[in-house]
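For reference, the chains in residue letters:
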Amino acid sequence: MTDDRPEGSNGTGPGRPLKVLGWPGFSSENGNPYTRLLYEAMETEARVDVDGFSMFEPLQRRYDVWHVHWPEDFLSYRSPGAAYFYVAAELFLFAWARLSGTRLVWTVHDLGPHESYHPRLERLFWPLFLPMVDGIISLSETAREAAYDRFPVLRSVPSAIVPHGHYRTAYPEPVSKAQARRQFGLNLEAPVMLFVGRVRPYKNVVSLVQTFRQWKTSEARLVVAGNPVSDDLGGRVQAAAKADPRVHTALRFIEEDEMPALIAGADLVVLPYESIMHSGSALLALSYDRPILVPDRGAMTELRARVGRDWVRTYTGQLTPSVLAEGMAWARTTDRAARAPVDDLDWPRLARQTVVLYRRVLEAHD
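**Student:** For the pairing of strand S5 (residues 135-138), give the residues involved together with the corresponding values.
**Tutor:** Burial along S5 is two-sided: the residues Gly135 and Ile137 and Ile136 and Ser138 are all buried. Crossover connection from strand S4 (residues 103-107) via helix H4 (residues 119-129) to parallel S5: handedness right-handed. In this sheet, strand S6 (residues 159-161) lies alongside S5 in parallel orientation, the contact comprising three bridges. Opposite isoleucine 137, over in S6, you have alanine 160 as the bridge partner. Each parallel crossover has a hand, and for S5 linked through helix H5 (residues 141-150) to S6 it is right-handed.

Here it is, written out as structure tokens:
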């Protein structure tokens, strides 16, 4: 067995710990505990000192590595003034940090903003940002190849595949299906599907509701839970749901203590994204041992290969009532293990793999 800890100060040898600036760090406005889990494991398992980002941190302290996630998010700000200001500020801080010797590592979650309101600004952003990137992390081989295709300059920097971790240690313990159904007033025998996560246009939630309404199974139920990115989108989801009493909505931020019952009550988690590379919601469902239905796009085929066809079902083309019906039959009749096989996606292992990439980046600039 190979040891994926780096040599030197963060592995078993002597030396000072690496100093890392994480952005986001130990908290995130979107409620996703991904970066917190990564950096907590990094500090305890790889002996790395991690600071969470604040606006003045790069100006006041020197770091070995600045690890950034979602640097393109400011392009999703609706206000042109805010978008231009924050993009300019982050680019300035990246440049300042690199002049002081800090190396920039980017985890490529996405190849662009979820909602791009400022195409001119986006055309300016990438040519300025990409040359400053010293190393990249991708969550899958599919995503790395897509990043290389869109941004060929990234082929020249060190890279690593570090998959998305599971959420079994991030949320409260699971509850029984019967308990969850009682809590939400759902019949124990009803076929129940769930959408969970931030409601964004590309996630096709309105289309999901409309397609579900065409599935003429009276006992079936659809639960849509998550915070819409805009009042307009939330209104359209709500309007579609009101036309069918079988659809239940919770269009708000879902607290951590609500997650176990919400997911336990579902037979199937449906994520009908129009475009998808990775999905935290998919890992969340699998962490609570619920099968998922996803489009055959992005890295979903890799996820299916990793955890098995008993847990991940993909479809091609458009979502249809028959796709939902067949997915539900698969979810309810497949003889699968009680636990989804995601234990190898534990955060200490992923943290050590991440630090190995940090070391490669630093060695490349020695």
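**Student:** Please give an account of the sheet that holds S5 that cites residues and values.
**Tutor:** Taken in spatial order, the six strands of this open sheet run S2-S1-S3-S4-S5-S6, and their pairing is parallel. The sheet is open, and its two borders are formed by strand S2 (49-52) and S6, each paired with just one other strand. The average angle at which neighbouring strand axes cross in this sheet is 20 degrees, direction not considered. Judged from the four bridges that link them, strand S1 (residues 19-23) and S2 form a sheet pairing that is parallel. Bridge assignment links leucine 21 to a residue of S2, and that residue is aspartate 51. Packing of helix H1 (residues 34-45) onto the sheet brings it into contact with S1, S2, strand S3 (65-69) and S4, and relative to S3 it is tilted by some 155 degrees.

**Student:** Could you give an account of the packing of aromatic side chains, with specific residues and numbers?
**Tutor:** Inspection of the entire model under this criterion finds 25 aromatic pairs. Aromatic side chains tryptophan 66 and phenylalanine 94 sit 4.8 Å apart centroid to centroid with 65 degrees between the ring planes, which places their arrangement in the edge-to-face category. In this pair, tryptophan 66 sits in strand S3 while phenylalanine 94 sits in helix H3 (residues 80-99), placing the two residues 28 residues apart along the sequence. Both residues of the pair, tryptophan 66 and phenylalanine 94, count as buried. A centroid spacing of 5.6 Å and a plane angle of 50 degrees characterise the contact between phenylalanine 94 and phenylalanine 129, whose relative ring orientation is tilted. Taken as a pair, phenylalanine 94 in helix H3 and phenylalanine 129 in helix H4 lie far apart in primary sequence, 35 residues in all.

**Student:** Let's hear about the pattern of salt bridges: which residues, and what values?
**Tutor:** Within this structure, the stated rule accounts for 20 salt bridges. A salt bridge links aspartate 289 to arginine 168, with the shortest nitrogen-to-oxygen separation between them at 2.6 Å. With aspartate 289 in the loop between helix H10 (280-287) and strand S11 (292-295) and arginine 168 in the loop between S6 and helix H6 (177-184), this residue pair connects regions lying 121 residues apart in the sequence. The closest approach of N and O atoms between arginine 252 and glutamate 258, which form a salt bridge, is 2.7 Å. Taken together, the salt bridges that share partners define one network made up of Arg168, Asp289, Arg339 and Asp343.

**Student:** Tell me about the packing of H1 against helix H13 (residues 347-364), residues and numbers included.
**Tutor:** Two elements in contact, H1 and H13, have axes separated by 8 Å at closest approach and are oriented at 80 degrees. In terms of orientation, H1 lies roughly perpendicular with respect to H13. Seen from H1, the contacting residues are Tyr34, Leu37, Leu38, Tyr39, Ala41, Met42 and Glu45; seen from H13, they are Trp347, Pro348, Leu350, Ala351, Arg352, Thr354, Val355 and Tyr358. Residues that form the contact of H1 with H13 fall into these classes: 12 nonpolar, one polar and two charged.

**Student:** Residues and numbers for the layout of surface pockets, please.
**Tutor:** If you roll a probe as big as a water molecule over the atoms, it shows you where there is empty space left. Taken as a whole, the second largest pocket encloses approximately 230 Å³ of empty space. Around the second largest pocket sit 15 residues that line it, and Leu139, Ser140, Pro163, Leu303 and Arg306 are the ones nearest its centre. If you tally residues by element for the lining of the second largest pocket, the top one is helix H11 (residues 300-307), at four residues. Of the residues contributing to the lining of the second largest pocket, the split by class is nine nonpolar, four polar and two charged.

**Student:** Before we move on, could you go through the packing of H3 against H4 and cite the residues and values that matter?
**Tutor:** Packing of H3 against H4 brings their axes to within 11 Å, and their N-to-C directions diverge by 5 degrees. Taken together, the axes of H3 and H4 are roughly parallel relative to one another. Residues Ala83, Tyr84, Val87, Glu90, Leu91 and Phe94 of H3 lie in contact with H4, whose contacting residues are Arg120, Leu121, Phe125, Leu128 and Phe129.

**Student:** Any details on a nonpolar patch on the surface? Residues and values, ideally.
**Tutor:** Together, Met55, Phe56, Leu59, Tyr77, Phe85, Tyr86, Phe92 and Trp96 line one region of the surface with nonpolar side chains, adding up to about 790 Å² of accessible area. The greatest single-element share of the nonpolar patch, amounting to four residues, is contributed by H3. If you trace the backbone, tyrosine 86 turns up in helix H3.

**Student:** Please provide a residue-by-residue account of unusual backbone geometry, values included.
**Tutor:** With omega at -10 degrees, the peptide bond leading from tryptophan 23 into proline 24 counts as cis. If you check the backbone angles, arginine 47 has positive phi at about 50 degrees while not being a glycine. With respect to the helices and strands, the residue arginine 47 is situated in the loop between H1 and S2. Although it is not a glycine, asparagine 204 sits at a positive phi angle of roughly 60 degrees. With respect to the secondary-structure elements, asparagine 204 resides in the loop between strand S7 (192-196) and helix H7 (205-213).

Thresholds applied
- Throughout this description, residue numbers start from 1 for each chain and increase along the sequence as written.
- Totals for whole chains, interfaces and linings use all residues, but because this is a predicted model, local features are given only for residues with pLDDT of at least 70 and pairs of side-chain atoms are given and counted only at 80 or more.
- In computing side-chain values, all of the structure's heavy atoms are included and hydrogens and water are not.
- Using a 1.4 Å probe on the protein chains alone, a residue whose accessible area is under 20% of its type maximum counts as buried, one over 50% counts as exposed, and one in between counts as partly exposed.
- Only DSSP runs of H or I reaching four residues or more are called helices, and only runs of E reaching two or more are called strands; each is numbered from the N terminus.
- We call a crossover right-handed when, viewed with the strands running away from us, the connection from the first strand over the helix to the second turns clockwise.
- Pairing between strands is defined by DSSP: at least two bridges between them are needed.
- Simply put, an axis is a line fit to the C-alpha atoms, just over the touching stretch for a helix, and the angle between two N-to-C directions goes from 0 to 180 degrees.
- A contact between two residues is defined here by any heavy atoms of the two lying within 4.5 Å.
- Under the pairing criterion, centres of Phe, Tyr and Trp rings, with the six-membered ring standing for Trp, must be within 6.5 Å; the plane angle then separates stacked pairs below 30 degrees from edge-to-face pairs above 60, leaving the rest tilted.
- For this document, the term salt bridge refers to a Lys or Arg side-chain nitrogen within 4 Å of an Asp or Glu carboxyl oxygen.
- Note on terminology: angles under 35 degrees are roughly parallel, angles over 145 are roughly antiparallel, angles of 65 to 115 are roughly perpendicular, and the others are oblique.
- When residues are sorted by character, Ala, Val, Leu, Ile, Met, Phe, Trp, Tyr, Cys and Pro go into the nonpolar class, Asp, Glu, Lys and Arg into the charged class, and all the rest, Gly among them, into the polar class.
- Cavity and pocket criteria rest on a 1 Å grid covering protein atoms alone: a 1.4 Å probe that fits but cannot get out defines a cavity, protein on both sides within 12 Å along at least 5 of 7 lines defines an open pocket, and an atom within 4 Å of a point defines a lining residue.
- Grid points are joined across faces, edges and corners, and a volume is the space filled by probe spheres set on the points.
- Only residues whose relative accessible area exceeds 30% and that take part in no salt bridge are eligible for patches, with like-charged residues grouped when within 9 Å of each other and nonpolar side chains (Val, Leu, Ile, Met, Phe, Trp, Tyr) grouped when within 5 Å.
- Accessible surface area values rest on a Shrake-Rupley calculation with a 1.4 Å probe, where residue burial reflects the displayed protein chains alone.

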